[in-house]
Amino acid sequence: MCGIVGAIAQRPVAAILLEGLRRLEYRGYDSAGIAVLDEGGQLNRLRVLGKVARLAEALAAEPLPGTLGIAHTRWATHGEPAVHNAHPHISAERCALVHNGVIENHEALRARLSAEGHIFTSDTDTEVVVHAIYAELARGLPLVDAVRAAVQGLRGAYALGVIDAQDPNHLVAARYGSPLVIGLGFGESFIASDVCALLPVTNRFIFLEDGDLAELSREAIWIWDRSGQLVERPMKTSLLSVETIERGPYRHYMQKEIFEQPHAIAETLEGRLSGERVPLEVFGHRAAALFPQIRSVRIIACGTSYHAGLVARYWLESLAGLPCQVEVASEYRYRRAVVPEGTLFVAISQSGETADTLAALHQAKNAGYAATLAICNVPESSLVRESDLVFLTHAGPEIGVASTKAFTTQLVALLLLTIALGRCRGLSAEEERRLVGLLRQLPGEVEEVLRLDATVAALAERFADKHHTLFLGRGEHYPIALEGALKLKEISYIHAEAYPAGELKHGPLALIDEEMPVIAVAPNNGLLEKLKSNLEEVRARGGQLIVFADQRVHLAQNNGVTVVGVPATNELVDPLLFTIPLQLLAYHVAVLKGTDVDQPRNLAKSVTVE
Ligand code: AGP
């Protein structure tokens, strides 16, 4: 969380930094700031509470000239969202710094630096870093050495961009535990939290590794690894274009991303199906040797990615015959888990930078797993670089904080994994052919379900004045209910809970009244009759039911029950298809309520702090 951008160029950098911040705003949007060094060697800074648009207004009123600068968009961890806590932080009018991450030993450092006479003006953990660097500069070290010395005293995670008013020719960056990329221009160099921020100025990138320290000039860059060795990191050319991250004709990124799902799913399947089979190699070249040895699977993830894992448990156990455990990363990382022999560790993450998921992966590496597999949407992410096996979902950049196309493409990846592992466990060629055939039809089916948009938009009006909702599902649709509830709560701020419908009488039934809409997903599967009885229990108590039901299913539509027919086709891909109306519902309710759909309060897209 928090977005960093920095530039050293032969042209004014303020506009480049501002555009970079706009593209990083999904990472945090409590406050924003920029510092630029002018020709006279003066550091000029602007900071605002709120979004980047307010910083743009401030910059328009008070332009910051100069060819070296850093900027930041914040997601508060230590210290409330406030101008004095916004980055860049400055020490002694000389050293300016932007930071993403959390400095765990900030209290001890603050006490020491205060005792040495440094004046603190914020409540952040970050400010200790800028004073620590300044202390080294004051001892006469050049900027890069000052940063090297200061970071040695830090515990926690950081991505840093630093400038020194007495050195107009260098920008210094450091990375440990938080992502940072260098952009290579012609006669100019940049840093940013991700490539999207820099696409308007370059498509050539170097991804820093943990422990790296980098010095950038206009013409060259130098990188030292954690042992202090000067190293060469590979330069990669990004295939992303500026257009892929534009909102286009859509009102919000979330809406765009919901409607991109047929294409995103097709892209994720592209090259992953060979005739009627799923080649094991689509999970990495070592998969062919490893998968036949797999005896169980443990899936770790957070939020929506965790819900994808919960769905996969049903698939892996029923189709591949493999025991599967699924756990949220923040819990898993702090317990001693037993790892049965032959267990595959699967980490799912859209961003590949989620702090808890990464920590769980690090822990898994020495825990006796047969292998680690990352299912991820960002090729250059830490999760991808650090896992034994990788499956990239090709969903394209997801900007809206609410995850949509990332989720359905994760489900596609997990279906492919189920089929691949299933074949090693005796799934017949005939069954594999059938499953692959169903997957091939999926993009078209999602397209069909998206036609429910207007119907769902009309239904959304019933929610605008509600404070609580309940989502119900059974079997692999229970995680879909969880996902529907998460979508609704995070962008509309309506309290939403999900239950397996069979649990109703064990407590939640007590909540049912006319003020609490109950949303159920009703696929045409073996649990349908059981679900119908559960829905009757809700009706009998005056509950208002909205049921997204397979259009072949007959459900009486009477007073208090609204049924929306979903063009679903088969049990395998139903969870993906039933997700779509729930995404649309959350979206339209949020639009009606006038909340900030793409950047809901208190949240950020990439949760890079614990
Ligand atoms: C979903 O809508 C979320 N905003 C959130 O739960 C997200 O899925 C979670 O933070 C995990 O992110 P990741 O997939 O990037 O690891």
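Residues numbered from 1 in each chain as written. Predicted model: local features only at pLDDT ≥ 70, side-chain atom pairs only at ≥ 80, totals over all residues. Heavy atoms only, no water.

**Brief notes about the packing of helix α4 (residues 127-138) against helix α5 (residues 143-151)**
Then, number 1: Packing of α4 against α5 brings their axes to within 8 Å, and their N-to-C directions diverge by 130 degrees. Accordingly, the angle class assigned to the pair α4 and α5 is oblique. Seen from above, α4 lies across α5 with right-handed handedness. Side by side, α4 and α5 meet where A132, I133, E136 and L137 of the first sit next to L143, A146, V147, A149 and A150 of the second.
Then, number 2: For the contact of α4 with α5, the class distribution of residues is 8 nonpolar, no polar and 1 charged. (Axes fitted to C-alpha atoms, helices over the stretch in contact; angles between N-to-C directions. Helix = DSSP H or I, 4+ residues; strand = E, 2+ residues; numbered from the N terminus. Parallel < 35°, antiparallel > 145°, perpendicular 65-115°, else oblique. Left-handed = near helix turned anticlockwise from the far one by under 90°. Contact = heavy atoms within 4.5 Å. Nonpolar A, V, L, I, M, F, W, Y, C, P; charged D, E, K, R; others polar.)

**Observations concerning the sheet that holds strand β5 (residues 89-91)**
Then, number 1: Within the open sheet, the 7 strands sit side by side as β5-β6-β7-β8-β12-β13-β14. Their pairing is antiparallel. Each of the sheet's edge strands pairs with one partner strand only, and the pair in question is β5 and β14 (230-231).
Then, number 2: Note that strand β12 (residues 213-216) and strand β13 (residues 221-224) share 4 bridges and pair antiparallel. Paired with A214 across the bridge in β13 is I223. (Pairing = 2+ DSSP bridges.)

**Focus on the nonpolar core**
Then, number 1: If you look at the biggest cluster of nonpolar residues, it comprises 93 residues, and the most contacted ones within it are F283, F291, I299, L344 and F548.
Then, number 2: With 12 residues, the top contributor of residues to this core is helix α18 (residues 574-593).
Then, number 3: With sequence-adjacent residues up to four places away left out, I299 is seen in contact with G309, A312, L316, C324, Q325, V326, E327, V346, I348 and L414.
Then, number 4: Within the second largest apolar cluster, 35 residues are counted, among which are L55, C196, L198 and Y253. (Core = buried A, V, L, I, M, F, W, Y, C linked by side-chain atoms within 4.5 Å. Buried < 20%, exposed > 50% of the residue type's maximum accessible area, 1.4 Å probe, protein only.)

**Observations concerning the environment of F186**
Then, number 1: The topology assignment puts F186 in the loop between β9 (181-184) and β10 (189-192).
Then, number 2: We classify F186 as exposed; its relative accessible area is 72%.

**Regarding the UniProt feature "domain: Glutamine amidotransferase type-2" (unreviewed entry) in the protein chain**
Then, number 1: As recorded in UniProt, the sites labelled "domain: Glutamine amidotransferase type-2" (unreviewed entry) are residues 2-219.
Then, number 2: Annotation note: span residues 2-219, helix share 24%, strand share 34%, distance between end C-alpha atoms 28 Å. (UniProt positions renumbered as here; feature names shortened; annotations may be inferred.)

**Some thoughts on the sheet that holds strand β20 (residues 389-392)**
Then, number 1: Here 5 strands make up an open sheet; going across it, the order is β17-β16-β18-β19-β20 and the pairing parallel. Unpaired on one side and paired on the other, β17 (324-328) and β20 mark the two borders of the sheet. Across this sheet, the average inter-strand angle for adjacent strands is 20 degrees, counted without regard to direction.
Then, number 2: Relative to β20, strand β19 (residues 371-376) runs parallel, the two sharing 4 bridges. When the sheet's bridge partners are listed, I375 is paired in β20 with F391.
Then, number 3: Strands β16 (296-301), β18 (343-349) and β19 of the sheet are contacted by helix α11 (residues 355-364), whose axis makes an angle of about 160 degrees with β18.

**Quick notes on the pairing of strand β3 (residues 43-49)**
Then, number 1: Note that strand β2 (residues 31-37) and β3 share 7 bridges and pair antiparallel. Bridge assignment links S31 to a residue of β3, and that residue is L49.
Then, number 2: Between β2 and β3, which pair antiparallel one after the other, the connecting turn spans 5 residues, and G41 there sits at a positive phi close to 80 degrees.

**Notes on the site of the ligand**
Then, number 1: Around the ligand lies a shell of 15 residues, among which S305, S349, Q350, T354 and E490 are the nearest.
Then, number 2: At a separation of 3.0 Å, a nitrogen atom of the ligand approaches a polar backbone atom of V401.
Then, number 3: Contact distances for the ligand include 2.8 Å between an oxygen atom and a backbone N or O atom of S403.
Then, number 4: Contact with the protein chains covers 91% of the free accessible surface of the ligand, which is 410 Å².
Then, number 5: Within the residue set of the shell around the ligand, elements represented by two or more residues are α9 (303-319) and α16 (478-492).
Then, number 6: A class-by-class count of the residues in the shell around the ligand yields 5 nonpolar, 8 polar and 2 charged. (Near = heavy atom within 4 Å. Polar contact = N/O pair within 3.5 Å; in protein donor to acceptor, adjacent residues only side chain to side chain. Areas by Shrake-Rupley, 256 points an atom, 1.4 Å probe, with all protein chains shown as cover.)

**Quick word on the packing of helix α3 (residues 106-115) against α4**
Then, number 1: In the contact formed by α3 and α4, the axes pass within 9 Å of each other and the chain directions differ by 45 degrees. One finds that α3 runs oblique with respect to α4. At the point where α3 passes α4, the crossing takes the left-handed sense. Here α3 contributes H106, L109, R110 and L113 to the contact with α4, which in turn contributes E127, V128, H131 and A132.
Then, number 2: Partitioning the contact of α3 with α4 into residue classes produces 4 nonpolar, 2 polar and 2 charged.

**Looking at the environment of G79**
Then, number 1: As for its placement among the helices and strands, G79 is situated in the loop between β4 (68-74) and β5.
Then, number 2: Measuring from C-alpha to C-alpha, the distance between G79 and D123 comes to 4.8 Å, with 44 residues separating the pair along the chain.
Then, number 3: Dropping the residues within four chain positions of it, G79 is found in contact with R74, N85 and D123.

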